[in-house]
Amino acid sequence: MKNIILVFLFLSFYETGTAQTYIPTLKNNTELHYVCKLHGQTRTLQLTAETADHKLTFKLETRGVKSSIVMLPEAVKNGNALSFNQGEYAPVLNLKPTETFFMISQSAYQDLVKNNSFVYNNTTYVLDKNEDKDSVSIDGKFVDALHVIAQIDETEMWIVKNPEFPLICKIIKNPLGINFTLVKVVDTIN
């Protein structure tokens, strides 16, 4: 009887622990709320996903700036460069076929899962196999993410374990002075 109670307690704690991880998904009108550190300043940024015509668009809003950042299907699938555009240059910005925004490409994600590394912006990022230090949490749930470290500088990224839309949920130590953390995800139903 004592063993049965111990097993029951273990399973209860295990279920509680596994239920606390979270994998954000991306649907039409999903709102992603980030806190950004830009060259010493802190600002909030909201991205609203829009999927149409086989393109992924993030409608960006931050401090009076509104812009639509458009990623082409080939970038979502095979991109190899991250755009750090802040939306102030045009109301609609069509990224290059190699550029993604706030996410890595599906092929880069597959490289990370298969080879424990990927190359983006001519920088190799390697999976940190240590326990998730400084992991990201949203509403008390830890985001199920892969932590990578750049091999050329000290940049660290946490990438959501989502092969379809591998969102970057956190960047720190970016030499460009642009660091951000995902703090809230809202799925709006239309």
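Please read all numbers here as calculations on a predicted model, not as lab measurements. (Residues numbered from 1 in each chain as written. Predicted model: local features only at pLDDT ≥ 70, side-chain atom pairs only at ≥ 80, totals over all residues. Heavy atoms only, no water.)

*Asks:* Honestly, empty space enclosed by the protein in this entry has me stumped. Any pointers?
*Replies:* To find the voids left in a structure, one rolls a probe of water-molecule size over its atoms. Summed over all chains, the structure comprises one cavity of 30 Å³ or more. Looking at the largest cavity, its volume works out to about 120 Å³. Considering the residues around the largest cavity, the lining is formed by 14 residues, among which Leu45, Asn85, Gln86, Phe102 and Ile178 are closest to the centre. The residue makeup of the lining of the largest cavity, split by class, is nine nonpolar, four polar and one charged. (1 Å grid on protein atoms, 1.4 Å probe; cavity = no way out; pocket = protein on both sides within 12 Å on 5 of 7 lines; lining within 4 Å. Points joined across faces, edges and corners; volume = space filled by probe spheres on them. Nonpolar A, V, L, I, M, F, W, Y, C, P; charged D, E, K, R; others polar.)

*Asks:* Would you explain unusual backbone geometry in this entry?
*Replies:* Among all residues except glycine, the phi angle is most often negative; among peptide bonds, the trans geometry is most common. At asparagine 29, a residue that is not glycine, the phi angle is positive and equals roughly 75°. Counting through the fold element by element, asparagine 29 comes out in the loop between strand S1 (21-22) and strand S2 (30-38). We note that asparagine 121 has phi near 50°; this positive angle belongs to a residue other than glycine. Turning to its location among the elements, asparagine 121 is positioned in the loop between strand S9 (117-120) and strand S10 (123-127). (Helix = DSSP H or I, 4+ residues; strand = E, 2+ residues; numbered from the N terminus.)

*Asks:* In this structure, what is going on with the sheet that holds strand S12 (residues 141-143)? I would like to understand it.
*Replies:* Within a beta sheet, neighbouring strands are joined by backbone hydrogen bonds and run either parallel or antiparallel to one another. Read from one edge of the open sheet, three strands run S1-S12-S11, paired in mixed fashion. The sheet is open, and its two edges are formed by S1 and strand S11 (137-138), each paired on a single side. Two elements, S11 and S12, share two bridges in a ladder whose sense is antiparallel. What sits directly across from serine 137, in S12, is phenylalanine 142. (Pairing = 2+ DSSP bridges.)

*Asks:* Please clarify how the nonpolar core should be interpreted in this entry.
*Replies:* By size, the foremost hydrophobic cluster in this structure holds 47 residues, and its most contacted members are Phe58 and Phe118. Apart from the residues lying within four places of it in its own chain, the contact partners of phenylalanine 58 are Leu26, Leu32, Leu47, Thr48, Ala49, Ser67, Ser68, Ile69, Met71, Phe101, Phe102 and Leu167. (Core = buried A, V, L, I, M, F, W, Y, C linked by side-chain atoms within 4.5 Å. Buried < 20%, exposed > 50% of the residue type's maximum accessible area, 1.4 Å probe, protein only. Contact = heavy atoms within 4.5 Å.)

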